[in-house]
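# Commentary on secondary and tertiary structure
Listed here are the chains, written in short residue letters.
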Amino acid sequence: QLLLKALEQADENGLDPVKCQLDLAALFGVEDETKEFRLDRSLRKERLQQTAIAAAHCLEQVERYLAQTPNIDSALSQAVTQWLDILAKILADEVTLDRNQEDQIISAQELPKKMKGSYRIASATDTDATFRVHGESIDFGYNVNLAATDTFIREIRADTGSQPDAAAIPDLLSAQQEHHDLSPQKFIYDQAAGTGKSHSDVETVSNGQTQLVAPLVDYQQRSERFSPDDFVLAPDGLSLTCPHHQISHTAYCSQSAQGRTFRFSAQQCAHCPLAQLCRGDKVDPDHMRQVFISDHRSALAKARTYALTDAFQEDLKLRSTVERIIANLVRYHGARYARRRRRSRSDFQAKMNATAFNIRQWMRKLDRLDAPTALSDP
């Protein structure tokens, strides 16, 4: 509906030739249509297929009309293109479309849960909002991160709900540099930032001026096999040595993560006394052993060294301070619920919540400075 409305605003003559080719009943339903939640599984599957095919056909028809009508105002056609991109993402994230030899869509199947796209759109009126899984709770909306001292909030931002907490740290540090000409000496966070990537990002964005303090993720608990930390990377990064002193010079850039995968051949691993600890039962003896080495390995090594110091433990004790500030924002400044749709408006609301908090803190600080000093009896 929003796509067709945008098309009508861009070109009042464009809606009718497109609309007459659409299956409106499949797209928008019919009067007195049974609600989806009342349908059994087979009927829900059938309705999803009808709607997905009709939506894909609608997308193609609008794209074809735009290609054949080059004189549409660019600003108005941009709105149409935006809704086309949104519709295309929804279809790609939720269903798989099967076509015949004539490239006609003949069926649509819902994707398995693990194969569905990331940052999936769940609202037609707020396409920036996504689901945030936090423990047992699942919230639809935005994920707010802040940087604060023990008294004031320095920076705050709202990102889409599905964005991981630690992903906002570089933006918070960049904003402090831009608005306050300042890079904090330390940035204390929870275990969500306890990865090599987070430490590397902080080091890069702060030019080495900020120390990220966060409990580190213990990757060794994920498996009883040797972990990448048990393999020694050469200083030049061109070779990797296994615990049994075999050396691999064969490495390929990973397609799914930032790093390289080193390969040890089956001949190198033959008759190795450490095979069970290294390969376990998941890698056949006649197959190569692959080891992923992250590009953030050195940053993680520095973080582990710092985590062994007393200063690290003292820093972590300050982490609870931010929880008090978050609770204050939620309870007294309306930061729990977004009052407007879209990320930009939710971000503005978060900044106003933080401004109100800072004003309150400043006024309380002034009151304490003006308070008369209590005198004790002689």
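Below, the structure is looked at part by part. Keep in mind that this is a model prediction, so the values were computed, not measured.

## Let's talk about empty space enclosed by the protein
Within the structure shown, the criterion is met by 1 cavity of 30 Å³ or more. Approximately 110 Å³ is the volume attributed to the largest cavity. Along the wall of the largest cavity there are 15 residues; nearest its centre are Cys242, His244, Cys269, Cys272 and Cys278. Looking at side-chain class alone, the lining of the largest cavity contains 10 nonpolar, 3 polar and 2 charged residues.

## With respect to the sheet that holds strand S9 (residues 240-241)
Judged by pairing direction, the sheet is antiparallel, and its 3 strands sit side by side in the order S8-S9-S10 without closing on themselves. Both outer strands of the open sheet, strand S8 (232-233) and strand S10 (247-248), are each paired with one neighbouring strand and no more.

## Observations regarding the sheet that holds strand S11 (residues 251-253)
Hydrogen bonding along the main chain pairs the strands of a sheet, whether they run parallel or antiparallel. Strand order in the open sheet made by the 3 strands is S11-S12-S13, with antiparallel pairing throughout. In this open sheet, the two strands that pair with only one neighbour each are S11 and strand S13 (289-294). Pairs of neighbouring strands in the sheet enclose a mean axial angle of 25°, with direction left out of account. Bridge count between strand S12 (residues 259-264) and S13: 6 bridges; the pairing is antiparallel. By the bridge assignment, Phe264 is partnered in S13 with Arg289.

## Thoughts on the packing of helix H1 (residues 2-10) against helix H5 (residues 74-94)
Across the interface, H1 lies against H5 with an axial gap of 8 Å and an inter-helix angle of 165°. Between H1 and H5, the angle is such that the two are roughly antiparallel. In this structure, H1 meets H5 at a crossing whose hand is left-handed. Across from Leu2, Leu3, Ala6, Leu7, Gln9 and Ala10 in H1, the residues of H5 making contact are Leu76, Ser77, Ala79, Val80, Trp83, Leu84 and Leu87. A per-class count over the contact of H1 with H5 returns 11 nonpolar, 2 polar and no charged.

## Brief notes about a nonpolar patch on the surface
A cluster of nonpolar side chains, namely Phe131, Val133, Ile138 and Phe140, defines an oily patch on the protein surface of about 410 Å² accessible area. Broken down by secondary-structure element, the contributors of at least two residues to the nonpolar patch are strand S3 (130-134) and strand S4 (137-148). Along the polypeptide, Ile138 turns up in strand S4.

## Considering helix H13 (residues 343-370)
An ideal rise of 1.5 Å per residue puts 40 Å on 28 residues; H13 measures up with 41 Å between its terminal C-alpha atoms. The set of residues buried in H13 consists of Ser346, Asp347, Gln349, Ala350, Asn353, Ala354, Phe357, Asn358 and Gln361. Check the buried side of H13 and you find it contacts S4, strand S5 (153-160) and helix H12 (320-332).

## Points about the pattern of salt bridges
Following the criterion strictly, the structure yields 20 salt bridges and no others. Here Glu94 and Lys116 are joined by a salt bridge, their closest N and O atoms 3.5 Å apart. Here Glu94 is found in helix H5, whereas its partner Lys116 is found in the loop between strand S2 (105-110) and S3, with 22 residues between them in sequence. Like Lys116, Glu94 is buried. The shortest N-O distance in the salt bridge between Asp190 and Arg319 comes to 3.5 Å. One end of the pair, Asp190, is in the loop between strand S6 (186-188) and helix H7 (196-205); the other, Arg319, is in the loop between helix H11 (310-316) and H12, with 129 residues separating them in the sequence. What emerges from the salt-bridge pattern is a single network uniting Glu94, Glu110, Lys116 and Arg120.

## Overview of H12
With 13 residues, H12 ought to run about 18 Å at 1.5 Å a step, and its terminal C-alpha atoms sit 19 Å apart, in line with that. Where H12 is concerned, the buried positions are Val322, Ile325, Asn328 and Leu329. All buried residues of H12 lie within an arc of 115° about the axis, which places them on one face of the element. Buried residues in H12 make contact with S4, S5 and H13.

## Considering the side chain of Asn145
Mapped onto the elements, Asn145 comes out in strand S4. Polar side-chain contacts of Asn145 include one of 3.5 Å to the backbone oxygen of Asp165. Discounting chain neighbours no more than four positions away, the residues touching Asn145 are Glu155, Ile156, Arg157, Asp165, Ala168, Leu172 and Tyr189.

## Description of the packing of aromatic side chains
Taken as a whole, this structure holds 5 aromatic pairs when the rule is applied. Considering the side-chain rings of Phe152 and Trp362, the 6.2 Å spacing of their centres and the 45° angle between planes classify their relative orientation as tilted. In this pair, Phe152 is assigned in the loop between S4 and S5 and Trp362 in helix H13, connecting sequence segments 210 residues apart. Judged by centre distance (5.8 Å) and plane angle (45°), the ring pair of Phe231 and Phe264 falls under tilted. You can see Phe231 sitting in the loop between strand S7 (211-213) and S8 and its partner Phe264 sitting in strand S12, a full 33 residues away along the chain.

## Structural notes on the pairing of S12
Of the strand pairs in this sheet, S11 and S12 are connected by 3 bridges, and their pairing is antiparallel. By the bridge assignment, Ala251 is partnered in S12 with Phe262. Between S11 and S12, which pair antiparallel one after the other, the connecting turn spans 5 residues.

Cut-offs applied
Residues numbered from 1 in each chain as written. Predicted model: local features only at pLDDT ≥ 70, side-chain atom pairs only at ≥ 80, totals over all residues. Heavy atoms only, no water. 1 Å grid on protein atoms, 1.4 Å probe; cavity = no way out; pocket = protein on both sides within 12 Å on 5 of 7 lines; lining within 4 Å. Points joined across faces, edges and corners; volume = space filled by probe spheres on them. Nonpolar A, V, L, I, M, F, W, Y, C, P; charged D, E, K, R; others polar. Pairing = 2+ DSSP bridges. Helix = DSSP H or I, 4+ residues; strand = E, 2+ residues; numbered from the N terminus. Axes fitted to C-alpha atoms, helices over the stretch in contact; angles between N-to-C directions. Parallel < 35°, antiparallel > 145°, perpendicular 65-115°, else oblique. Left-handed = near helix turned anticlockwise from the far one by under 90°. Contact = heavy atoms within 4.5 Å. Patch = residues over 30% accessible without salt bridge, like charges linked within 9 Å, V, L, I, M, F, W, Y side chains within 5 Å. Areas by Shrake-Rupley, 256 points an atom, 1.4 Å probe, with all protein chains shown as cover. Salt bridge = Lys/Arg side-chain N within 4 Å of Asp/Glu carboxyl O. Expected span 1.5 Å × (residues − 1). Buried < 20%, exposed > 50% of the residue type's maximum accessible area, 1.4 Å probe, protein only. Arc of directions from axis to C-beta. Polar contact = N/O pair within 3.5 Å; in protein donor to acceptor, adjacent residues only side chain to side chain. Phe/Tyr/Trp six-rings, centres within 6.5 Å; stacked < 30°, edge-to-face > 60°.

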